[in-house]
Every structure is written in C-alpha cells, then in structure tokens.
Amino acid sequence: MGGSSPCASCKLLRRRCAKDCIFAPYFPSDDPHKFAIVHKVFGASNVSKMLQDLPVHQRADAVSSLVYEANARVRDPVYGCVGAISYLQDQVSQLQMQLAVAQTEILCIQMQQESPLQTQIPQDDKSFLLASTSNLDNISQYLNFASSGNVIQDPALKRESLWT
Amino acid sequence: MNSGRCSACRYLRRRCPPDCIFSPYFPSNNPQRFVSIHRIYGASNVAKLLQQLPTHLRAEAADSLYFEAQCRVEDPVYGCVGLIFLLQQQLHNAESQLAKTQAEIAVLKSQAQHPQTQQVEAEPEFNNFLQQQLDNAADLNFSNQGSSGFM
C-alpha cells in the first residue's frame, strides 16, 4: 500500500487527501499551523475557490499572500493588514517630506555659495515643498478610514519578509 | 415586508433579526460591500470575527475587512499584500535617498566652512571625497529592508 500522508488541509478537515487535492502542494503536512490560520480567517472552501480560479503557476504566491493576511488578521483582529499599510504610508510621507526639505537645503547652500551677497532664503519657508508628494496619489484613496490615528501599529508587519 | 433587512441578510436571503451582527455595518443601501466580503471571507467567518470584538471596534473591523476583500477581488494573487510590498519598496528608496541627500548637505556645509581649503583642492579629489561620503551614506542600516519579493 502506497498511501502518502494527507496534506495539512485534509488532516484538519478530516477527509481523504485525493491525488489532485488542490491544497496539497501548498499546505504540507509538516506545517499544520499554516492551513489552520488560513482556514480560520478565510475558510477552506473560499480558499479552494480562490485557488481554482487561478492558473497553477500563481497559486503558490496566492497562498503566501493569504497566509500573510491571515496572520495579520489574527494578530490584529480590527485592522489586519490595513494597520501595516497605514503605518507604512505615513512613514513614506514623512520621509518624502524630509527629503524635500533636505533637497531645498542643498539648493539654499548652493545659492549662498554662488552668490553670498544675496538675501538668504528663510529656512522656515517650506510651504512650497508640500507639492512633491504626488507619488502616493494612487493609493491614498484606500486609506480614508485608517487616518483616525487609532490604527494599531504592529512593528512585526512593517519589515518582515513577506515570504517565509 | 423585506424592506428592513440589511444588505447581508438580503444577500443571504434570510430574515434580519433586531440583533443582526451585520446590520450596523452592511446597510441595505450598499449591497456591494457585503458581496465582496462574503466572496473572500464568507458570512460565518465575518460574523465570528465581529462577535469576538467589542462593539466599538466592529465598524473599523468591517471597514478593514471590506478594504482587504476589495484588494483581493482586484488582485486575486496578492491582494493587499501587493500594496504592502510596494510601500516597503518606497520606504526603502526614500530612506536611501534621504541618507544620500543628508550626506551631500554635510559635504557642502563642510565646503562652506573651509572655502580656502576647497579652493586649492584639485577638482578630482573633491569629487572622490563627495562620492565616498555618498557611498558611506548608502551603506547605512538598509540591508535588512528588502522582502524576498514575489516569485
């Protein structure tokens, strides 16, 4: 008899693991937690439908992203991944602002070096710098509800590798 | 009459009880909201998740679930994780650029403080010094930022 071990999904669902089990390539039996958390958040049948709708070569990445989202949701049941998105967007905005200020400072220094007799530009006059943060227009539409300041900030989500 | 049902109960074709867990967050005037969530999470998973939360946090949770569900509908492979990856890259690029710019400022300020010295230096030596400052700045603590990327 050559029956192979059922995958983690079929073990959890207590069913026979078919040869063409859609979960088996992505949920090996040695990592039961991976499927457990995805099942808890999305449900096995939803995951199955999602995978069936994808070409085979994209399913591994889809599973990885689902696991990531499920972990985020378990860690933060209120905001899930949205907490990380909001935090990262805020960090990027702040850095872009700092970068604009620094670039203006360079211009000021260069102008002073070239024409030391000219009136110095006030260092506090930075209102014209705010027009430089246009790169995030395409995602700002998503974040209306996360701007209240109550979004939890889980440092683990900010820098962790997406694919473990 | 069925007019009092929330969009979730209407979609599930059931009676909407007075204490329906969905009705405060899935009003009947926005049916698409529940459709997306149901497609990705399923009604019972969403109900369980909301029930586990204190009432004052459920609205935010429903909004974030809807956002993630929409991201997943639009990008079935990566969902909102694609957005996280993009932001991590933007953050890394902005940090690198800021460090380089700050190093450039330090060099220029040093040049401004010692103009006599700068005047006698040959141009290639100054360029090498500037490049070294910029290289040092680029090597600062940014080596652990990259995710492995989507494969």
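Residues numbered from 1 in each chain as written. Chains lettered and ligands numbered in written order. Predicted model: local features only at pLDDT ≥ 70, side-chain atom pairs only at ≥ 80, totals over all residues. Heavy atoms only, no water.

- Under an unreviewed UniProt entry, chain B has the name LOB domain-containing protein 24-like isoform X2 and belongs to Herrania umbratica.
- Regarding chain B, the UniProt comment filed under Sequence similarities (unreviewed entry) reads as follows: "Belongs to the LOB domain-containing protein family." (UniProt positions renumbered as here; feature names shortened; annotations may be inferred.)

- For chain A, the name recorded in an unreviewed UniProt entry is LOB domain-containing protein 12, with Herrania umbratica as its organism.
- Listed in UniProt under the heading Sequence similarities (unreviewed entry), the comment for chain A reads: "Belongs to the LOB domain-containing protein family."

Here's the deal with the domain arrangement of chain B
All names here are of chain B.
Reasoning step 1: Segmentation of chain B into domains returns domain 1 (7–74) and domain 2 (78–112).
Reasoning step 2: For domain 1 versus domain 2, the distance between C-alpha centres works out to 39 Å.
Reasoning step 3: Taken residue by residue, the interface counts four residues in domain 1 and four residues in domain 2.
Reasoning step 4: Here domain 1 and domain 2 share an interface that buries about 310 Å² over both sides, 72% of which is from carbon and sulfur atoms.
Reasoning step 5: In this assembly, domain 1 and domain 2 are joined by zero salt bridges.
Reasoning step 6: Viewed at the interface, domain 2 and domain 1 are joined by zero residue pairs in polar contact (both at pLDDT 80 or more). (Domains from an automatic or database assignment. Contact = heavy atoms within 4.5 Å. Buried area = accessible area lost by both parts, 1.4 Å probe. Salt bridge = Lys/Arg side-chain N within 4 Å of Asp/Glu carboxyl O. Polar contact = N/O pair within 3.5 Å; in protein donor to acceptor, adjacent residues only side chain to side chain.)

Concerning the UniProt feature "coiled-coil region" (unreviewed entry) in chain B
Reasoning step 1: Look at the UniProt record and you will see "coiled-coil region" (unreviewed entry) annotated at residues 84–111 of chain B.
Reasoning step 2: Taken end to end, residues 84–111 of chain B comprises 100% helix and 0% strand; its first and last C-alpha atoms sit 40 Å apart. (Helix = DSSP H or I, 4+ residues; strand = E, 2+ residues; numbered from the N terminus.)

Points about the nonpolar core
Reasoning step 1: Among the nonpolar cores identified, the biggest contains 50 residues, and Phe-23, Phe-27 and Phe-42 of chain A together with Phe-22, Phe-26 and Tyr-41 of chain B are the most heavily contacted of them.
Reasoning step 2: Mapped by element, the contributors of at least two residues to this core are helix 1 (8–13), helix 2 (32–41), helix 3 (44–52) and helix 4 (56–75) of chain A together with helix 1 (7–12), helix 2 (31–40), helix 3 (43–51) and helix 4 (55–74) of chain B.
Reasoning step 3: Each residue touching Phe-26 of chain B, except ones within four places of it in the same chain, is listed here: Cys-6, Ser-7, Ala-8, Arg-33, Phe-34, Ile-37, Leu-50 and Ala-62 of chain B.
Reasoning step 4: Leu-88, Leu-95 and Ala-102 of chain A together with Ala-94 of chain B belong to the second-largest nonpolar core, a separate cluster that totals 25 residues. (Core = buried A, V, L, I, M, F, W, Y, C linked by side-chain atoms within 4.5 Å. Buried < 20%, exposed > 50% of the residue type's maximum accessible area, 1.4 Å probe, protein only.)

Here we look at the domain arrangement of chain A
Reports often express the size of an interface as the amount of accessible area lost when the parts come together.
Reasoning step 1: As assigned here, chain A comprises domain 1 (8–75) and domain 2 (81–112).
Reasoning step 2: For domain 1 of chain A versus domain 2 of chain A, the separation of C-alpha centres amounts to 39 Å.

Overview of the interface of chain B and chain A
Reasoning step 1: The partner chain A presents 50 residues to the 48 residues of chain B that form the contact.
Reasoning step 2: Counting each side, the surface lost to burial between chain B and chain A is near 4,500 Å², with a carbon and sulfur contribution of 66%.
Reasoning step 3: The largest per-residue losses of area from chain B upon contact with chain A belong to Phe-67, Leu-87 and Leu-91 of chain B, which jointly make up 13% of the total buried on that side.
Reasoning step 4: At the junction of chain B and chain A, the tally comes to three salt bridges.
Reasoning step 5: Across the pair Glu-69 of chain A and Arg-72 of chain B runs a salt bridge, and its minimum N-O distance is 2.8 Å.
Reasoning step 6: Linking chain B with chain A are 14 residue pairs in polar contact (both at pLDDT 80 or more), by the criterion used here.
Reasoning step 7: Counting only elements with at least two residues in the side of chain B that touches chain A, the list comes to helix 2, helix 3, helix 4 and helix 5 (81–113) of chain B.
Reasoning step 8: Partitioned by chemical class, the residues of the side of chain B that touches chain A number 25 nonpolar, 14 polar and nine charged. (Nonpolar A, V, L, I, M, F, W, Y, C, P; charged D, E, K, R; others polar.)

Brief notes about the packing of helix 3 of chain B against helix 4 of chain B
Packed helices, taken two at a time, are described by the angle their axes make and the gap between the axes.
All names here are of chain B.
Reasoning step 1: In contact at an axis separation of 10 Å, helix 3 and helix 4 are set at 145° when each is read in the N-to-C sense. With respect to the hand of their crossing, helix 3 and helix 4 are arranged in right-handed fashion. Between helix 3 and helix 4, the contacting residues are Val-46, Leu-49, Leu-50 and Gln-51 on the first element and Arg-58, Ala-61, Ala-62 and Leu-65 on the second.
Reasoning step 2: For the contact of helix 3 with helix 4, the class distribution of residues is six nonpolar, one polar and one charged. (Axes fitted to C-alpha atoms, helices over the stretch in contact; angles between N-to-C directions. Left-handed = near helix turned anticlockwise from the far one by under 90°.)

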